[in-house]
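Survey of secondary and tertiary structure
Listed below are the residues making up each chain.
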Protein chains: 2
Amino acid sequence: MARPRKALLDLGKIADTALELVDETGDFTVPEMARRLGVQTASIYHHVDGRSGIVELLRARLGDEIDSTTLDGQPWDAGLRAFAYSYRAAFAAHPHVVPLLTGEPVRAPVVLATYERLVLLMEQAGLPLELVMTALTSIENFILGSALDLAAPEVMWAIPSDVAAPRLAAALAAQSTSPSRADRAFDFGITVLIEACSKLLTHDGASPDGPSTS
Amino acid sequence: MARPRKALLDLGKIADTALELVDETGDFTVPEMARRLGVQTASIYHHVDGRSGIVELLRARLGDEIDSTTLDGQPWDAGLRAFAYSYRAAFAAHPHVVPLLTGEPVRAPVVLATYERLVLLMEQAGLPLELVMTALTSIENFILGSALDLAAPEVMWAIPSDVAAPRLAAALAAQSTSPSRADRAFDFGITVLIEACSKLLTHDGASPDGPSTS
DNA sequence: ACCTGAACACCGTTCAAGT
DNA sequence: ACCTGAACACCGTTCAAGT
């Protein structure tokens, strides 16, 4: 065979296969991908820069699933909230990908554009410029930590039998079950982080409330 | 040689070597450890349950570095804050270990005992029991996400030259440099999350402004 | 440019053999 | 119980050879 008239492989197929494999088995392997693609292992190396190149493909793929339109026609806090939810939803759809992505967060062009828009909105709302990255970084870290939580099993607070922790056990038992533990924790955290941002605004524009005088 | 009169290996040495290797090179390998220990690769398998057993050793090691005495003789919020800082400090000392630990958080006995004590304190302070795990989970996720951030290079918001993001660039430039970006983001988030917890308290105990019913 | 087939170094793990 | 030496399956990566 050697070189076929039409290429057997392209980045899309490679990304698809890697994502499939990670979703199904929790990880991927270059030979495993080659088998699925009906191709030699070496062939894949003609398209990507090794295994880490495939991880970059996955990072970009997740980034593309993040909805970047959430910032238009909304106040900045609602937009930020929607962005956070969309960011996490992209991870939630492929929880096993997240551990492969640690070390560097998603910085796809779409995501970068969203951050640019966010910075602008927060600035205009009155958040001091030197606080903007602090706020966004803490929110991003929270999202990433929450995403990792998604890959963990739901009942993971199993208390070893040789440890006495009655109140912890009671708190675990007292959790309502409808939204998952992870969902509730995410909502709680993202809500308070965004609220905290709005309290840092210097109300030099028109602002209804505030602890000035009443 | 075969079996020496005194064992060459023990869990302490194995954990030490793995930690050394991860701190120096970012990862560890069983044969690499064996070389450092002056021992055959197979010997290590007589002490731990494979590579994942070594990861568990590292998880426990990090857990032991967390200071669990922070909760005594302090109000719950100061204790929780100290615990969070200590938790993160343990990660900060060995940032490359963190990615190996994702999937399951640290649940060493010390940490579990701290959580037990925290739940008790928060309950007594008046936090509704069904909210306790939500609050603690979101804080733990935030800590984990922040810890991962520590393994990332300080200047990681490099904006690709083909992307225009002037306000993002300005926000990055406007950051003060004294405490690191990661430190500031951590402090911001942990402060806000704990404050949010204290607002959820139902002041039915001895409380200055609470409604008087018992 | 793109695929094959074969190769290489290396890793995780097992196991019989020795004390 | 604990270590060795040798083995096995598998992985990531490279490369000459073919079209």
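A quick note: this is a predicted structure, and the numbers were derived from the prediction, not measured.

Here we look at the overall build of chain A
- Counting its regular elements, chain A contains 10 helices and 0 strands.
- The linear arrangement of helices and strands in chain A, starting from the amino end, is α-α-α-α-α-α-α-α-α-α.
- Relative to its length of 214 residues, chain A is extended, with a C-alpha radius of gyration of 22 Å against a globular reference of 17 Å.
- Looking at chain A residue by residue over its 214 residues, the buried ones come to 45%.
- Looking at chain A alone, contacts between residues at least 24 apart form 71% of all its contacts between residues at least 6 apart.
- Summed over all atoms, the accessible surface of chain A reaches about 10,300 Å², with 55% contributed by carbon and sulfur.
- The average position of the 17 basic charges and that of the 27 acidic charges among the side chains of chain A differ by 8 Å.

Notes on the protein's contact with DNA strand D
- Surveying the vicinity of DNA strand D reveals 24 residues, the closest of which are Pro31 of chain A together with Arg3, Leu8, Ser43 and His47 of chain B.
- When atoms of DNA strand D within 4 Å of the protein are split into backbone and base, the sugar-phosphate part holds 58%.
- One of the backbone nitrogen or oxygen atoms of Val30 of chain A is found 2.9 Å away from a phosphate oxygen of DNA strand D.
- Within the side chain of Ser43 of chain B, a nitrogen or oxygen atom sits 2.5 Å from a phosphate oxygen of DNA strand D.
- The set of elements that each furnish at least two residues to the surface near DNA strand D consists of α2 (30-37), α3 (41-44) and α4 (50-65) of chain A together with α3 (41-44) of chain B.
- Among the elements that line the surface near DNA strand D, the one with the most residues is α2 of chain A, at 3 residues.
- When the residues that make up the surface near DNA strand D are grouped by side-chain class, the tally is 13 nonpolar, 7 polar and 4 charged.

Some points on the nonpolar core
- Among the nonpolar cores identified, the biggest contains 130 residues, and Ile44 of chain A together with Ile44 of chain B are the most heavily contacted of them.
- If we ignore the near neighbours within four places in the chain, the residues touching Ile44 of chain A are Leu9, Ile14, Val30, Met33, Ala34, Leu37, Val39 and Ile54 of chain A.

A closer look at α4 of chain A
All names here are of chain A.
- Helix length check: α4, at 16 residues, gives a terminal C-alpha distance of 24 Å against a target of 22 Å (1.5 Å per residue), a fit within 8%.
- Every buried residue belonging to α4 is among Gly50, Gly53, Ile54, Val55, Leu57, Leu58, Arg59, Leu62 and Gly63, and all of these are buried.
- Those residues of α4 hidden inside the fold are in contact with α1 (11-25), α2, α3, α5 (76-92), α6 (98-101) and α7 (109-125).

Some remarks on the relation of the copies chain A and chain B
- Once chain A is rotated about the relating axis by 180° and shifted along it by 0.0 Å, it coincides with chain B to within an RMSD of 0.1 Å. The two molecules are tied by a two-fold rotation axis, judged by turn and shift.

Structural notes on the side chain of Thr17 of chain A
- Along the chain, Thr17 of chain A turns up in helix α1.
- Ignoring anything within four residues of it in the chain, the contact list for Thr17 of chain A reads Met33, Arg36 and Leu37 of chain A.

Overview of the interface of chain A and chain B
- With 55 residues of chain A at the contact, the number on the chain B side is 55 residues.
- Summed over both sides, the interface between chain A and chain B buries roughly 4,700 Å², with carbon and sulfur atoms accounting for 73% of that surface.
- Three residues stand out in chain A for area buried against chain B, namely Met133, Trp157 and Phe188 of chain A, and they jointly supply 15% of the buried area on that side.
- Counting across the chain A and chain B interface gives 2 salt bridges.

Some points on the protein's contact with DNA strand C
- Lining the immediate environment of DNA strand C, one finds 24 residues, of which Arg3, Leu8, Ser43, His46 and His47 of chain A sit closest.
- Within 4 Å of the protein, the contacting atoms of DNA strand C are drawn from sugar and phosphate to the extent of 59%.
- For DNA strand C, a phosphate oxygen lies 3.0 Å from a polar atom in the backbone of Leu9 of chain A.
- Between DNA strand C and the protein, one listed contact pairs a phosphate oxygen with a backbone N or O atom of Val30 of chain B at 2.9 Å.
- No other element matches helix α2 (residues 30-37) of chain B, which puts 3 residues into the surface near DNA strand C.
- The residue makeup of the surface near DNA strand C, split by class, is 13 nonpolar, 7 polar and 4 charged.

A few points about the pattern of salt bridges
Residue and element names in this part refer to chain A.
- This structure, assessed with the given rule, holds 24 salt bridges over all chains.
- Here Asp183 ties to Arg88 by a salt bridge, and the two come within 3.1 Å at their closest N and O atoms. Of this pair, Asp183 sits in helix α10 (residues 181-199) while Arg88 sits in helix α5, placing them 95 residues apart in sequence.
- Assessed through its relative accessible area of 7%, Arg88 is described here as buried.
- What you see here is one network of salt bridges that share partners, running through Glu20, Glu24 and Arg36.

Digging into the packing of aromatic side chains
Residue and element names in this part refer to chain B.
- Taken as a whole and assessed by the stated rule, the structure comprises 12 aromatic pairs over all chains.
- Look at Phe83 and Tyr115: their rings are 5.5 Å apart centre to centre, the planes differ by 80°, and that puts the pair in the edge-to-face class. Of this pair, Phe83 sits in helix α5 (residues 76-92) while Tyr115 sits in helix α7 (residues 109-125), and the two are 32 residues apart along the sequence.
- Its relative accessible area of 2% is what places Phe83 among the buried residues.

Regarding the packing of helix α9 (residues 166-173) of chain A against α7 of chain B
- Interaxial distance between α9 of chain A and α7 of chain B falls to 7 Å at its minimum, and their mutual angle equals 70°. In terms of orientation, α9 of chain A lies roughly perpendicular with respect to α7 of chain B. Considering only the axes of α9 of chain A and α7 of chain B, their crossing is left-handed. Here α9 of chain A contributes Pro166, Arg167, Leu168 and Ala171 of chain A to the contact with α7 of chain B, which in turn contributes Leu112, Tyr115, Glu116, Val119, Leu120 and Glu123 of chain B.
- Of the residues contributing to the contact of α9 of chain A with α7 of chain B, the split by class is 7 nonpolar, no polar and 3 charged.

Calculation criteria
- Residues numbered from 1 in each chain as written.
- Chains lettered and ligands numbered in written order.
- Predicted model: local features only at pLDDT ≥ 70, side-chain atom pairs only at ≥ 80, totals over all residues.
- Heavy atoms only, no water.
- Helix = DSSP H or I, 4+ residues; strand = E, 2+ residues; numbered from the N terminus.
- Rg over C-alpha atoms; globule rule 2.2 N^0.38 Å.
- Buried < 20%, exposed > 50% of the residue type's maximum accessible area, 1.4 Å probe, protein only.
- Contact = heavy atoms within 4.5 Å.
- Areas by Shrake-Rupley, 256 points an atom, 1.4 Å probe, with all protein chains shown as cover.
- Lys, Arg positive; Asp, Glu negative; His and termini not counted.
- Charge placed at Lys NZ, Arg CZ, Asp CG, Glu CD.
- Near = heavy atom within 4 Å.
- Polar contact = N/O pair within 3.5 Å; in protein donor to acceptor, adjacent residues only side chain to side chain.
- Nonpolar A, V, L, I, M, F, W, Y, C, P; charged D, E, K, R; others polar.
- Core = buried A, V, L, I, M, F, W, Y, C linked by side-chain atoms within 4.5 Å.
- Expected span 1.5 Å × (residues − 1).
- Least-squares fit on C-alpha atoms with pLDDT ≥ 70 in both.
- Buried area = accessible area lost by both parts, 1.4 Å probe.
- Salt bridge = Lys/Arg side-chain N within 4 Å of Asp/Glu carboxyl O.
- Phe/Tyr/Trp six-rings, centres within 6.5 Å; stacked < 30°, edge-to-face > 60°.
- Axes fitted to C-alpha atoms, helices over the stretch in contact; angles between N-to-C directions.
- Parallel < 35°, antiparallel > 145°, perpendicular 65-115°, else oblique.
- Left-handed = near helix turned anticlockwise from the far one by under 90°.

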